[in-house]
Amino acid sequence: MSKPKTKIHELIDLIREHGPVSPNRLTELSGDMRQSVDKYVRQAHDKGLIHIAAFGPSPLGGNRTVKLYAYGKDVDAERVYASPYHLKRAIDNSENSRPSDVIDQPIGRPLLVATEEKSGEWSPEEDAILADIYSNERAVKHQANRLPGRSYPAMKARAVRLRLEHKKPVTDGSLSWIKPAIIAALSKGVPLSAASLNEITGASRAGLKPVLKRWHRVEFRIAGWERAGAHGWLPQFALGNEPDVPKPQPKSMVQACREWRERQRIAQGKFDPFASFRGLAQIPAGQSGRIYRQSMEVLEDELEAA
């Protein structure tokens, strides 16, 4: 069973209902991976099903912008540049750009003006905002728009000079969507191995391994073991932090050799383990085991010896 993918028509329905929306917002609404959302957005835009309605401020702040898509075929909005440097850079990087049309903005759409990057001394107001950014739990990049004109490296350098406390990463190393997907798969109460989680969640083995290792004995535990091959075992994970189920003991050399010989006999056609089920062999009836019958006659020699 593989992870269900968002179809292009489902993505268009989300844009029609919530638009104009950015790809990040579509990723949250659909619950799909960002790569799949970007692919479907490109396909829908190339087919003329959606258009770029406007450009919104990026969560990273500064001069960054994100495209906002709306339903229907229309003329795409042009990105507006107030900084001459970014205007020249956009023209040089695009063969289809028109310098005379770059500052044109369709009527009825919000005007986004990019500010020129600042340089020089920081004001006390900016230092106060930076201190507040480092004091809360949100990521620094998600609050960079509070200091327009200040880049992320500049904010980090200023924080070092002000000796602000180092901000811990917001992420917990769970690769965002993989940990919730594992919890949802294990919430049914059935222990699953990494191979089964790969089929259910769609996450790769390389993505599952660090998450299971990081949260082992915290949120995940080993509730059983699954046979892998002739001699290997795979752990089966479940929710909880109880003690792990011990790993089964390996086979003895005698048992391994016995099973190998049986497999060789079956492969050579000398033994058919299903013969009794097909009626080709008769299962012995009666008492099992050996029967030793002893004569009850007492010999003369035994009597004399007694």
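Cut-offs applied
Residues numbered from 1 in each chain as written. Predicted model: local features only at pLDDT ≥ 70, side-chain atom pairs only at ≥ 80, totals over all residues. Heavy atoms only, no water. Helix = DSSP H or I, 4+ residues; strand = E, 2+ residues; numbered from the N terminus. Buried < 20%, exposed > 50% of the residue type's maximum accessible area, 1.4 Å probe, protein only. Contact = heavy atoms within 4.5 Å. Areas by Shrake-Rupley, 256 points an atom, 1.4 Å probe, with all protein chains shown as cover. Salt bridge = Lys/Arg side-chain N within 4 Å of Asp/Glu carboxyl O. Axes fitted to C-alpha atoms, helices over the stretch in contact; angles between N-to-C directions. Left-handed = near helix turned anticlockwise from the far one by under 90°. Phe/Tyr/Trp six-rings, centres within 6.5 Å; stacked < 30°, edge-to-face > 60°. Lys NZ or Arg CZ within 6 Å of the ring centre and 35° of its normal. Core = buried A, V, L, I, M, F, W, Y, C linked by side-chain atoms within 4.5 Å. Parallel < 35°, antiparallel > 145°, perpendicular 65-115°, else oblique. Nonpolar A, V, L, I, M, F, W, Y, C, P; charged D, E, K, R; others polar. pLDDT = per-residue confidence, 0-100. Arc of directions from axis to C-beta.

### Focus: the overall build of the chain
Okay, so step 1: Secondary structure assignment for the chain yields eleven helices and four strands.
Okay, so step 2: Within the chain, the fraction of its 306 residues that count as buried is 27%.
Okay, so step 3: Within the chain, contacts between residues separated by at least 24 positions form 51% of all contacts whose residues are at least 6 apart in sequence.
Okay, so step 4: Total accessible area on the chain stands at roughly 21,700 Å², and carbon and sulfur atoms take up 54% of it.

### What to know about the pattern of salt bridges
Okay, so step 1: By the definition in use, this model includes seven salt bridges.
Okay, so step 2: Note that Glu126 and Arg150 form a salt bridge whose closest N and O atoms lie 3.1 Å from each other. Taken as a pair, Glu126 in helix α5 (residues 124-135) and Arg150 in the loop between α5 and α6 (152-161) lie far apart in primary sequence, 24 residues in all. Of the two residues, Glu126 and Arg150, both sit in the buried class.
Okay, so step 3: Close ionic contact of Arg146 with Asp132 constitutes a salt bridge, the shortest N to O distance being 2.9 Å. Highlighted residues: Arg146 in the loop between α5 and α6 and Asp132 in helix α5, separated in sequence by 14 residues.
Okay, so step 4: A relative accessible area of 34% places Arg146 in the partly exposed class.
Okay, so step 5: Accessibility expressed as a relative area gives 34% for Asp132, which makes it partly exposed.

### With respect to the packing of helix α8 (residues 194-201) against helix α9 (residues 205-214)
For any two helices packed against each other, the geometry comes down to the angle between their axes and how far apart the axes lie.
Okay, so step 1: With their axes 10 Å apart at the nearest point, α8 and α9 run at an angle of 120° to one another. The crossing of α8 and α9 is right-handed. Of the residues in α9, those touching α8 at Ala194, Ala195, Leu197, Asn198 and Thr201 are Arg205, Leu208 and Leu212.

### Concerning the packing of aromatic side chains
Okay, so step 1: On inspection of all chains with the given rule, the structure shows zero aromatic pairs.
Okay, so step 2: Directly above the aromatic system of Tyr71 lies the positively charged group of Arg16, at a separation of 4.3 Å from the ring centroid.
Okay, so step 3: The ring of Trp122 has Arg150 sitting right over it, with the charged end atom 4.4 Å from the ring centre.

### As for the environment of Ala238
Okay, so step 1: Along the chain, Ala238 falls in strand β4 (residues 232-239).
Okay, so step 2: Judged by its relative accessible area of 11%, Ala238 is buried.
Okay, so step 3: Taking the C-alpha atoms as reference points, Ala238 and Ala185, separated by 53 residues in sequence, lie 9.3 Å from one another.
Okay, so step 4: Leaving out residues up to four positions away in the same chain, Ala238 has contacts with Leu186, Glu219, Phe220, Arg221 and Ala223.

### Some words on the nonpolar core
Okay, so step 1: Formed by 15 residues in total, the largest nonpolar core has its most connected members in Leu11, Ile15, Leu26, Val37, Val41, Ile50 and Tyr69.
Okay, so step 2: Mapped by element, the contributors of at least two residues to this core are α1 (8-18), α3 (34-46) and β1 (50-57).
Okay, so step 3: Formed by 14 residues, the second largest nonpolar core is a distinct cluster that contains Ile178, Leu186, Leu192 and Leu212.

### Description of the packing of α1 against α3
Okay, so step 1: In contact at an axis separation of 10 Å, α1 and α3 are set at 80° when each is read in the N-to-C sense. It follows that α1 is roughly perpendicular to α3 by the angle criterion. Only Val37, Tyr40, Val41, Gln43 and Ala44 of α3 make contact with α1, whose side of the interface consists of Ile8, Leu11 and Ile12.
Okay, so step 2: In terms of residue class, the contact of α1 with α3 is made up of seven nonpolar, one polar and no charged.

### Comments concerning the confidence of the model for the chain
Okay, so step 1: Of all residues in the chain, 70% attain a pLDDT of 70 or more, and the chain-wide mean is 75.
Okay, so step 2: At the low end of the mean pLDDT range in the chain sits helix α11 (residues 300-305), at 52; at the high end sits α5, at 91.
Okay, so step 3: Across residues 95-116, where pLDDT falls below 50, the model places 38 contacts with residues more than four positions away in sequence or in other chains.

### Things to note about helix α2 (residues 23-30)
Okay, so step 1: By the burial criterion, the buried members of α2 are Pro23, Leu26 and Thr27. Here the buried residues of α2 occupy an arc of 105° about the axis, which is enough to place them on one side.
Okay, so step 2: Where α2 is buried, its residues touch α1, α3 and β2 (65-71).
Okay, so step 3: Among the residues trailing α2, Gly31 stands out with phi positive, at a value near 75°.

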